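Secondary and tertiary structure notes
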Amino acid sequence: MGDKEPGRIRRMFGAIAPRYDRANRLLSLSVDRYWRRLTRRELEGRLPPDPRILDLCTGTGDLALELSSLGSVVACDFAHPMLVLGMKKASRSAAGRRISFTEGDALRLPFPDRTFDAVSIAFGLRNLESYRRGLAEMHRVLRPRGVLAILEFTLPTVPLFRSIYLFYFVRVLPRLGGWITGHGRAYDYLSRSVRQFLAPEDLDRLLGKAGFHEIRHRTLSAGIACLHLGRKPNSGGLR
Ligand SMILES: C[S@@+](CC[C@H](N)C(=O)[O-])C[C@H]1O[C@@H](n2cnc3c(N)ncnc32)[C@H](O)[C@@H]1O
């Protein structure tokens, strides 16, 4: 059975859900908050007034909450326990009431064509069994001129920093993650899946093949994460 078999991924995220936020804050030293704020700022100038936004692989809804100041947000994930926690968090803020949580698979989205002005996905694409199918679904549900924002982990390219980071990522992070959540295997998987993920330039190429244009990426925090942006052309683009 493959690493990315959807049932396995869903169970894994369901199991770590109760400690997921705490692990994120500790392991990233809260830098993940800055990355989400930056994603909102990059989207802000690119969207029409009062946009409809889809946040895919929303987890406990942190990016959905950040984006809810821009418009209405549908927060979608296939791990039920993540959504339950997200709903609780969203109910505690006024902006959070603009979010509706939906259980759904990113590879078979339960939305009609051309529904959203923006689709966001943070630390989710890497987990999909097929990046190509996931991107095709995102393209399908976007309206013409709709914007896609992908936030993902990457590996630093500067040699010394890369070696230090890899040591942390391979040797330290799985232990820390296991200690915080009780699920060390999930953090082994995190480390492995990031090392196997596409380089930013390769993901840009895949976005082009999926029919997006105005593609650009911005490397974050010395290359440990990357924000990709793309737009669905007016004519609908290639597939
Ligand atoms: C690493 S978490 C990211 C959560 C959140 N976006 C964040 O930034 O914290 C990945 C999420 O993707 C979800 N996921 C993975 N594959 C999925 C799929 N095929 N359909 C829907 N959700 C999926 C998991 O359930 C999990 O909640």
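Structure first, text after, so check above.
Everything in this summary refers to the structure shown in the same document.

Definitions and cut-offs
Residues numbered from 1 in each chain as written. Predicted model: local features only at pLDDT ≥ 70, side-chain atom pairs only at ≥ 80, totals over all residues. Heavy atoms only, no water. Helix = DSSP H or I, 4+ residues; strand = E, 2+ residues; numbered from the N terminus. Rg over C-alpha atoms; globule rule 2.2 N^0.38 Å. Buried < 20%, exposed > 50% of the residue type's maximum accessible area, 1.4 Å probe, protein only. Contact = heavy atoms within 4.5 Å. Areas by Shrake-Rupley, 256 points an atom, 1.4 Å probe, with all protein chains shown as cover. Lys, Arg positive; Asp, Glu negative; His and termini not counted. Charge placed at Lys NZ, Arg CZ, Asp CG, Glu CD. Near = heavy atom within 4 Å. Polar contact = N/O pair within 3.5 Å; in protein donor to acceptor, adjacent residues only side chain to side chain. Nonpolar A, V, L, I, M, F, W, Y, C, P; charged D, E, K, R; others polar. Phe/Tyr/Trp six-rings, centres within 6.5 Å; stacked < 30°, edge-to-face > 60°. Expected span 1.5 Å × (residues − 1). Bend = angle between axes of the 7 residues up to and from the residue. Pairing = 2+ DSSP bridges. Right-handed = clockwise from strand over helix to strand, strands pointing away. Axes fitted to C-alpha atoms, helices over the stretch in contact; angles between N-to-C directions.

**Concerning the overall build of the protein**
A tally of regular secondary structure across the protein gives 8 helices and 7 strands. The C-alpha radius of gyration computed for the protein amounts to 17 Å, which stays within 12% of the reference 18 Å derived for 239 residues, consistent with globular compactness. Dimensions of the protein along its principal axes, counting C-alpha atoms only, are 45 × 40 × 35 Å. Burial statistics for the protein: of 239 residues in total, 56% are counted as buried. In the protein, of all internal contacts separated by at least 6 residues, the share reaching a separation of at least 24 is 70%. As presented, the protein carries roughly 11100 Å² of accessible surface, and 54% of it is formed by carbon and sulfur atoms. Here the protein contributes 40 positive and 23 negative side-chain charges, whose respective centroids are spaced 3 Å apart.

**Here's the deal with the site of the ligand**
With respect to spatial proximity, 19 residues lie near the ligand, and among them Tyr20, Arg36, Cys57, Asp77 and Ala106 are the closest. The separation between an oxygen atom of the ligand and a polar side-chain atom of arginine 36 is 2.7 Å. In this structure, alanine 122 approaches the ligand through a main-chain N or O atom, which is 2.9 Å from a nitrogen atom. Broken down by class, the residue content of the shell around the ligand amounts to 11 nonpolar, 5 polar and 3 charged.

**With respect to the packing of aromatic side chains**
Under the definition given, this model contains 8 aromatic pairs. When the ring of phenylalanine 111 is compared with that of phenylalanine 116, the centres are 5.2 Å apart and the planes differ by 90°; the resulting orientation is edge-to-face. In terms of burial, phenylalanine 111 and phenylalanine 116 fall into one category: buried. A ring pair is formed by tyrosine 165 and tyrosine 168, whose centres lie 6.3 Å apart and whose planes are at 45°; its orientation type is tilted. With tyrosine 165 and tyrosine 168 both in helix H6 (residues 159-181) and 3 residues apart, the pair spans about one turn of that helix. For tyrosine 168, a relative accessible area of 24% puts it in the partly exposed group.

**Some details on the environment of valine 31**
Counting through the fold element by element, valine 31 comes out in helix H2 (residues 31-44). Spatially, the C-alpha atoms of valine 31 and serine 221 are 8.4 Å apart, while their sequence positions differ by 190 residues.

**Points about H6**
Over its 23 residues, H6 runs 31 Å from end to end, which matches the ideal 33 Å to within 8%, given 1.5 Å per residue. Roughly 45° is the biggest bend found in H6, and it falls at valine 172, with proline proline 174 one to four residues downstream. Within H6 the residues assigned to the buried category are Tyr165, Phe169, Leu173, Pro174, Gly177, Gly178, Ile180 and Thr181. As for H6, its buried residues are in contact with helix H1 (6-28) and helix H7 (184-196). Downstream of H6 by one or two residues, glycine 182 has phi in the positive range, about 80°.

**Some points on the pairing of strand E5 (residues 142-153)**
Most of E5 sits out of view: 9 of its 12 residues are buried. As judged from the 6 bridges shared by strand E4 (residues 116-122) and E5, these two strands associate in the parallel manner. Its bridge partner lying in E5, phenylalanine 116 is registered against leucine 142. One crossover worth recording links E4 to the parallel E5 by way of helix H5 (residues 131-141), and it is right-handed. Of the strand pairs in this sheet, E5 and strand E7 (residues 225-231) are connected by 7 bridges, and their pairing is antiparallel. Considered in E7, the bridge of phenylalanine 153 is made with alanine 225.

**What about the sheet that holds strand E3 (residues 99-103)?**
Reading across from one edge, E3-E2-E1-E4-E5-E7-E6 is the order of the 7 strands in this open sheet, with mixed pairing throughout. Among the strands making up the open sheet, the edge pair consists of E3 and strand E6 (213-220). Neighbour-to-neighbour, the strand axes of the sheet open up by a mean angle of 15°, direction not taken into account. Strands strand E2 (72-77) and E3 of the sheet are contacted by helix H4 (residues 80-90), whose axis makes an angle of about 170° with E3. Contacting strand E1 (52-56), E4 and E5, H5 crosses the sheet at an angle of about 145° to E5.

**Remarks on the side chain of lysine 89**
Relative to the assigned elements, lysine 89 resides in helix H4. Note on lysine 89: relative accessible area 15%, which makes it buried. Of the polar contacts made by the side chain of lysine 89, one reaches the side chain of aspartate 62; its length is 2.6 Å. Contacts of lysine 89, omitting those with residues within four sequence positions, involve Asp21, Thr60, Asp62 and Leu65.

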